[in-house]
Structures are given as structure tokens and as C-alpha cells.
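Chain by chain, the residues run as shown.
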Amino acid sequence: MIDKEVARTFDRRSALFLTAGAVLTSALVLRMLQMQLFSYDEYKQKSENNSFRIQINMPERGKILSRNNVPISRDVPIYRIYIIPEESEDVDKLVEILANDLSLKQKKVDKIRAKIKKQPKFQPVLVSENTNWAQLARIQAKGLQGLHVESGYARSYELGAAGAQIFGYVGEPDKPVANTPFLTTGITGLEKRFNDDIKGISGQTVSITNAVGRITGEDKSRFVAPIVGDDIKTTIDENVQRVMYDALTQHRAGCGVAIDIRNGDILAMVSTPSFDPNQFRSDDAEEYIENLRSDFAKPFMNKAIEGLYPPGSTFKIVVALAALESGAINEKEKIFCPGYWDYGDRRYHCWEDKGHGKVDLAGALKHSCDIYFYQVALRIGIDAIKEMAIRLGFTEKYMDDILSREMAGVIPDRYWKEKNVGYKWVHGDTIISGIGQGFILSNCLQLAVMTARATSNKVVVPRLISDGTRPRFASMGLRQKNIQAVMRGLEQVTKKGGTAAGSAINVNGKKMGGKTGTSQVRSISKKERESGVLTNEQLKWNMRNHGLFVGYAPTDNPRYAVCVIAEHAGGSGPAARCAAAVMKELLK
């Protein structure tokens, strides 16, 4: 009885073992079938990768061109020296030799050594990409283990600092890409916005290696040539860009924009101080970038669209057109300016203490009389002013799909103030809005657009990328007689006695009209007025007034519009002189 029970137990265990064995054997057979038949290509590729070394061949990036097809950003061939630490018996000695032969600064050497310690030993470490041929030949002759020389491309920025905020620059991607240790990508500006178009398509070279990884040949059947990236054509005129930049750098900081009124092409867009992206490849790049970041004048900022400023007296163009269109004034009506105006319990001052006497519209624009525009603004109200400002292009973002961080600005009204400030709108808010102060903020591009629209009676829309077309702008719908009335006043600004008389130009009979502006960055107390208002020379730089100028030319048939803002210049003189230099270049 016992033997039978034992036999039955043994039979059950045998059956379980046999079943388990059969299942395992089936699984192994199925796995072998999968590897040999169904996943053959995948494992073949992995096997080949153990005997082949794939090198990604980076393509040449496309060019960023001016309107004249002149390269502004382009790739130039370079020789890149790098080391692979695991291939050197004494990597410290290798770094020492290269540092001496290439005259590397100690800070650069320390950075190389730190990178060697930080990253895996098989990853390459860049030593230099600014090597001349003589240095390269001398180093290669030494046959140093772990040293590699690779031909490639580096980005060259032909305008240097003149437009760096627009065109941008390239750098290493945030995350490294396998087999492409020196890959670059657009970091800012047009280089970033159009990176997918400019970057091209990578190729590859497949090298055959032996058991120890040494290259013994090349599999030419798997060679893929890289494809050059597409070019991007801008509307920028490289000559006008340089002239505007050179003129603005005579002052500490500012920005400027020039527009072709006929098609909206942005011919120049400058922000200062700026930076030279060519320096980012130098041995002193780290120190150079650190100095830029610590500059409180913000060289990385594109102030032409990111900076917001009170438009000051340039905004009087908006108020004048709003008043004329509403019928609240006519161009011949005169308003008396004794240098101040008492309204309610407050006294409003003109910039000219002695006053301007009786002035009509043309005279008020010519001399930039504040009293005239205080009273006109109160007469028509903030709603009419805001409506005209929006029609002339304020609060619009024109570059939002191309350049980042564009600011819309502020054209306030009753609802805006209650929502954002928490107080009701009062007459005093309307009065100071008449001279472009108070809560009003705009950027440089918007002021250039305002000038283009106000002098052409067309809904001019600016563009930075050229597509070969000439857009047809809709009519502003303003009465032409009102446009002409304002322009008659703006023509007087650059004539004798005008606020920009010193910036008058005459290029083969073609002249410039415009409007000056000064925007306060501080409040002047009653006590200071009684004791004597401090001059700009007595104030710290960042407490001085901004100087502005908007202009157009030729006066008889406007084709170009320009806006220049000179930060903390104290007055509009530097901005007007810069605009005059730009117009001379455009009209010649």
C-alpha cells in the first residue's frame, strides 16, 4: 500500500517536472526563433555597431541674409581640436602640452581639466576651435595619443554687435545628442526661430573597427552626405543697420527702428549696448559673457520691442489727429501758453518756463507746446485718444511669431486704471496723457509704425522676413486734410526754431520731418520747482529723461519712417541726430 502511494507521488512530481521542462524548452525555442527570424535586423544592427563606428557629419547651416542677399550670419570652415581622455595614457600631460602650444589661458585650461573629470572618459573634450594652420601642423606632428582634429563649421556673424539681438546666436543644445558632440542649435533670435529650416540634415560616415576598436577602414556603402540648411532672407539693409548702430553707440544706451512705409520692411532694428556673438568662441568667452550679464544696461535685451517707454511728446501726433478727426479743433485755432496752466487745484507746466504765447497746431508741434496739448486732450477725452492710438498701431505685437518677449505696451482708460491701479480715472490723467506721460507706455517699433501710418494714411504692418511680395495696405480712413495739417507742423520741427532744427537734413532736395519727445522717469515735486529743478547734469544717469525722435522722409512723399530712443539722454538731441544719420543713408 505504501509502495503504491509513493509511486503515485513520484508520478505526479515527474509529470510536473516534465511539464515545466517542456514549457521552459518551448520558451527558449520561441526566443531563439524571435532572435533569429523576427528580430534579425535589430540584432544584426547591434552586432555591427560593435564592429563599426558611426560618425555623424554635421551639415552647414543655412545663411541669414540681408535684403541685398549679403550674408549676415553664416558658417565658416574651422579646425576643431579635441581630446578623448580614455585614449591617452597621460591625459594631464596631454592637456599641458596643448596649453603650451596653443597659448591657452589658465582659466581655459582649468575649464578643460574640470570637464575631463566631470564627464565620461570616452566623450570628447573641446580644446580649441580657433586654431591657425601653423599651430595645427605643429601639434599634429607630435603624434599625441588621444588628440583629434576635426574639420567643421563655426558660425560667423558679419555685423558683429550691430543687430545681435535680432539675428541671435548658436550654442550647444540643452541635452547632448548621441554621436554629435559638437552639435550647435539656435539659442536666440532668428537663429532660434528658424533653427529647423537653417540647421540642414546630418549625414554619416561609417568606419570599420577591429576587436580593440581601432579604425581599419570605411564602409562607403553606408556613407550619407549632409544636406545644407535653407537660407533665410530678412528685410534688414546691412548698411542702414550699421549706420544706426554706429550712431546709437555714441550714446550709452537706446534703440532704433527704420521702416519702409511702402511695404512695411524693417530696414534696421538696433538695441544698445549690444554684444558680439563672435566673441562667444574666443578663449575669453566665459569672462566676456559674465561681464555682459552684469551690465545693468541689458545688452541681451532687444529694447526695440522688449523695452517700454513713455512716448512723451511724440504722442502729440496721436492727440493732434484725434482732435482733428473729432472736429474738436481746427489747425488755425490758437491756444495761449504762458508757461503753465491752472486746472482744478493743480498747476500744469510747459517744458518752456517762459511759455510759447499763442500757438496754433503747427506751432504747437514745432515748439512741442505742452499747454496746447494739455487743453486739447481734456477737450476730446481719453476715449478718443485711445481709439486713435490703437488705430495708429499702439498695443499691437508685430514680431510675436518671430522674436520673443515683445511687449504690447499700455494705452490706458478708465477701466484699465480701476483694474490695474485701483483708483478712478480723473481729468488729470487725461491731461498728462496729452503729452504722452502718465500711464502710457510703448515700444520703439510701435512708434515707428505710428509715424508710418500717420504720414501715409495706410495701415502699415512691419515685417522682418522677406517673402518677395509687396503687400497692399488698407487705408486708415483718416481725412487727408487732417494728415496734411499734422505733417505741416512736423515739417516745421526740423526748421529754424523747431525742437530738432539742429538735425535738419537735405539730401538732393529731400528733407526730413518729425517730432521730438522727452519722457520723464521721475516726478518733480512742488518743492523742487520752487527751489529750482535739477538739471540732467546734476542727476544720476539713470534718473535723467529719455530722449525720443520719430521722423519721416521725404517730407513731400514719405517713404521711410524712423524712431530712435536714447535712454537717459536728458533730451531729444541725440535721438534726432541718430535719426538724421539714418535718413541720410536711406536717401542717398
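Up top is the structure these notes are about.
The following refers to the structure shown. Since we're looking at a predicted model, the values are computed, not measured.

1. Points about the overall build of the chain
What the chain contains, in helices and strands, is 20 helices and 21 strands. Out of the 588 residues in the chain, the part that is buried amounts to 48%. Sequence-distant contacts in the chain: of pairs separated by 6 or more residues, those separated by 24 or more amount to 71%. A total accessible area of about 29,900 Å² is found for the chain, and carbon and sulfur atoms account for 51% of it.

2. A few points about the pairing of strand β20 (residues 546–553)
Summarising burial for β20: eight of the eight residues are buried, a large majority. A two-sided burial pattern is seen for β20, the buried positions comprising H546, L548, V550 and Y552 on one face and G547, F549, G551 and A553 on the other. The pairing of strand β19 (residues 513–519) with β20 spans seven bridges and is antiparallel. Bridge pairing in β20 links G514 to G551. Where β20 and strand β21 (residues 560–566) come together, seven bridges link them in antiparallel fashion. Looking at the pairing, G551 lines up with V562 of β21. Turn length for the β20-β21 hairpin, with the two strands adjacent in sequence and antiparallel, is six residues.

3. Quick look at the side chain of D101
Here D101 lies in helix α3 (residues 91–101). Once you skip the residues sitting within four places of it in the chain, D101 turns out to touch Q135, R138, I139 and K142.

4. A word on the nonpolar core
Y372 and L445 are the most contacted members of the largest nonpolar core, which has 110 residues in total. The biggest single contributor to this core is helix α14 (residues 370–391), with eleven residues. Excluding residues that lie within four positions of it along the chain, Y372 makes contacts with I329, E333, I335, V359, D360, L361 and A364. Residues I81, V91, A99 and L147 belong to the second largest nonpolar core, which totals 17 residues.

5. Quick word on the packing of helix α12 (residues 316–326) against helix α18 (residues 480–493)
Direction vectors running N to C along α12 and α18 enclose 145°, while the axes themselves pass 10 Å from each other. Crossing handedness for the pair α12 and α18: right-handed. Residues I317, A320, L321, L324 and E325 of α12 touch α18, and the partners they reach there are N482, I483, A485, V486 and L490. Residues that form the contact of α12 with α18 fall into these classes: eight nonpolar, one polar and one charged.

6. Details of α18
Given a rise of 1.5 Å per residue, 14 residues ought to cover 20 Å, and the 20 Å separating the end C-alpha atoms of α18 matches this to within 8%. All buried positions along α18 are accounted for by N482, I483, A485, V486, M487, G489, L490 and V493. On the buried face of α18, the contacting elements are α12, α13 (361–367), α17 (444–456), β19 and β20.

7. Quick notes on the packing of aromatic side chains
Summed over all chains, the structure comprises twelve aromatic pairs. Considering the side-chain rings of W341 and Y343, the 5.3 Å spacing of their centres and the 35° angle between planes classify their relative orientation as tilted. On the basis of relative accessibility, which here comes to 17%, the residue W341 falls in the buried class. Here Y343 falls in the partly exposed class, since its relative accessible area comes to 28%. With centroids separated by 5.1 Å and ring planes inclined at 65°, the aromatic side chains of Y372 and F373 adopt a geometry described as edge-to-face. With relative accessibility at 0%, the residue F373 sits in the buried group. Members of the aromatic cluster, connected to one another through ring pairs, are Y169, F275, F280, Y288 and F300. The cationic tip of R193 hangs over the ring face of F194; the distance from NZ or CZ to the ring centre is 4.6 Å.

8. Some remarks on unusual backbone geometry
A cis amide bond, omega -5°, links T272 with the succeeding residue P273. Within the secondary structure, P273 sits in the loop between β12 (266–272) and α10 (285–293). Omega for the bond connecting A553 with P554 falls within 30 degrees of zero, at -15°, which places this linkage in the cis form. With respect to the element layout, P554 can be found in the loop between β20 and β21. The phi torsion at N457 lies on the positive side, around 60°, for a residue other than glycine. Secondary-structure assignment places N457 in the loop between α17 and α18. What makes N457 buried here is its relative accessible area of 7%.

9. Focus: the packing of α12 against α14
Two quantities define a packed helix pair, namely the angle between the axes and the distance from one axis to the other. Interhelical geometry of α12 versus α14 gives an angle of 80° and a closest axis separation of 8 Å. Put simply, α12 runs roughly perpendicular to α14. Residue-level contacts link K316, V318, V319, A320, L321, A322, A323, E325 and S326 of α12 to D370, F373, V376, A377, I380, A384, I385, M388 and A389 of α14. Of the residues that constitute the contact of α12 with α14, the class distribution is 14 nonpolar, one polar and three charged.

10. Some details on the sheet that holds β21
Pairing between the strands of a sheet comes from backbone hydrogen bonds, and it takes one of two forms, parallel or antiparallel. Strand order in the open sheet formed by five strands is β12-β11-β21-β20-β19, with antiparallel pairing between adjacent strands. Among the strands making up the open sheet, the edge pair consists of β12 and β19. Across the sheet, the mean angle from the axis of one strand to that of its neighbour is 5°, orientation sign disregarded. Relative to the sheet, helix α9 (residues 238–248) contacts β11 (254–260), β12 and β21, its axis offset from that of β12 by approximately 30°.

11. Topic: the environment of T494
By the element assignment, T494 lies in the loop between α18 and β17 (506–507). The spatial distance from the C-alpha of T494 to the C-alpha of I505 is 8.3 Å, given a sequence separation of eleven residues. Ignoring sequence-local partners within four residues, the contact set of T494 consists of A500, A501, A504, M512, G513 and F549. Separated by 2.7 Å, the side chain of T494 and the backbone oxygen of M512 make a polar contact.

What counts as what
Residues numbered from 1 in each chain as written. Predicted model: local features only at pLDDT ≥ 70, side-chain atom pairs only at ≥ 80, totals over all residues. Heavy atoms only, no water. Helix = DSSP H or I, 4+ residues; strand = E, 2+ residues; numbered from the N terminus. Buried < 20%, exposed > 50% of the residue type's maximum accessible area, 1.4 Å probe, protein only. Contact = heavy atoms within 4.5 Å. Areas by Shrake-Rupley, 256 points an atom, 1.4 Å probe, with all protein chains shown as cover. Pairing = 2+ DSSP bridges. Core = buried A, V, L, I, M, F, W, Y, C linked by side-chain atoms within 4.5 Å. Axes fitted to C-alpha atoms, helices over the stretch in contact; angles between N-to-C directions. Left-handed = near helix turned anticlockwise from the far one by under 90°. Nonpolar A, V, L, I, M, F, W, Y, C, P; charged D, E, K, R; others polar. Expected span 1.5 Å × (residues − 1). Phe/Tyr/Trp six-rings, centres within 6.5 Å; stacked < 30°, edge-to-face > 60°. Lys NZ or Arg CZ within 6 Å of the ring centre and 35° of its normal. Parallel < 35°, antiparallel > 145°, perpendicular 65-115°, else oblique. Polar contact = N/O pair within 3.5 Å; in protein donor to acceptor, adjacent residues only side chain to side chain.

The values are spatial; any link to function lies outside them.
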